[in-house]
Amino acid sequence: PGESGKGKPFKLLGILDVENDPCARDPVLHGSLGSAVAGLGYFLLTSRIRRSCDVGVGGFIVVTLGCWFHCRYNYAKERIQQRIAREGMKNKILYESTSLDPERKQTNSSS
């Protein structure tokens with residue numbers, strides 16, 4: 001209650017936490033641009049207002065979901081790579097200068 005700098009997080013549609021979710025902001029922004037382009041483009045081609053709105057909403061859904069899945073895939077792939085690197089560094093620190101050190105075995109066998 002006394003903190004003025006930290007308020008409630010901004011949630012889009014009450015469910016999507018845009019501030020804390022790493023893959024929430026960009027897909028929504030790209031989806032809104034895709035919506036405008038699809039709706040306006042369809043309107044310029046056909047001059048049908050209602051159908052243009054439908055195409056705009058469809059464009060928003062398709063572009064937002066496409067960007068979101070792409071971002072989540074890359075985020076998951078990056079997390080796996082970070083975990084593998086973290087485990088490798090932990091093993092390097094743990095086994096360094098011991099008989100289980102793979103680098104030590106390679107140098108001993110070549111001598």
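Residues numbered from 1 in each chain as written. Predicted model: local features only at pLDDT ≥ 70, side-chain atom pairs only at ≥ 80, totals over all residues. Heavy atoms only, no water.

J.: Got a sec to walk through the overall build of the chain? Specific residues and values, please.
T.: Counting its regular elements, the chain contains 3 helices and 2 strands. When the helices and strands of the chain are read in sequence order from the N terminus, they spell out β-β-α-α-α. Looking at the chain as a whole, 12% of its 111 residues qualify as buried. When contacts within the chain are restricted to residue pairs at least 6 apart in sequence, those whose partners lie at least 24 apart make up 40%. (Helix = DSSP H or I, 4+ residues; strand = E, 2+ residues; numbered from the N terminus. Buried < 20%, exposed > 50% of the residue type's maximum accessible area, 1.4 Å probe, protein only. Contact = heavy atoms within 4.5 Å.)

J.: How would you summarise the state of the cysteines if you had to cite specific residues and measurements?
T.: Per the stated rule, a full pass over the model turns up 1 disulfide. Disulfide pairing is shown between Cys 23 and Cys 71; the S-S distance is 2.1 Å. Taking the sign of the S-S torsion, -75° for the link of Cys 23 and Cys 71, the bridge is left-handed. Here the residue Cys 23 occupies a position in the loop between β2 (16-17) and α1 (25-46), and Cys 71 occupies one in helix α2 (residues 49-95), the gap between them amounting to 48 residues. The exposure class of Cys 23 is buried, given its relative accessible area of 1%. Taking relative accessible area as the criterion, Cys 71 reaches 23% and is therefore assigned partly exposed. Between Cys 67, a free cysteine, and Cys 71, which holds the nearest cysteine sulfur, the sulfur-to-sulfur gap is 8.8 Å. (Disulfide = S-S within 2.5 Å.)

J.: Lay out the side chain of Ser 52 with the relevant residues and their values.
T.: Within the secondary structure layout, Ser 52 lies in helix α2. In this structure Ser 52 comes out as buried when scored by relative accessible area, which is 6%. Looking at Ser 52, its side chain comes within polar contact range of the main-chain nitrogen of Phe 43, at 3.3 Å. Aside from chain neighbours lying at most four places away, what touches Ser 52 is Gly 39, Tyr 42, Phe 43 and Thr 46. (Polar contact = N/O pair within 3.5 Å; in protein donor to acceptor, adjacent residues only side chain to side chain.)

J.: Describe α1, and please don't skip the residues or the numbers.
T.: Taking 1.5 Å per residue as the helical rise, α1 with its 22 residues ought to reach 32 Å, and the 32 Å between its terminal C-alpha atoms agrees with that figure. When α1 is considered as a whole, its buried residues turn out to be Pro 27, Gly 31, Gly 34 and Gly 39. Down the axis of α1, the buried set is contained in an arc of 125°. They therefore lie on one face. In α1, those exposed residues whose orientation departs by more than 90 degrees from the buried face are Arg 25, Leu 33, Val 37, Leu 40 and Leu 44. Count one or two residues on from α1 and you reach Ser 47, which has phi positive near 60°. (Expected span 1.5 Å × (residues − 1). Arc of directions from axis to C-beta.)

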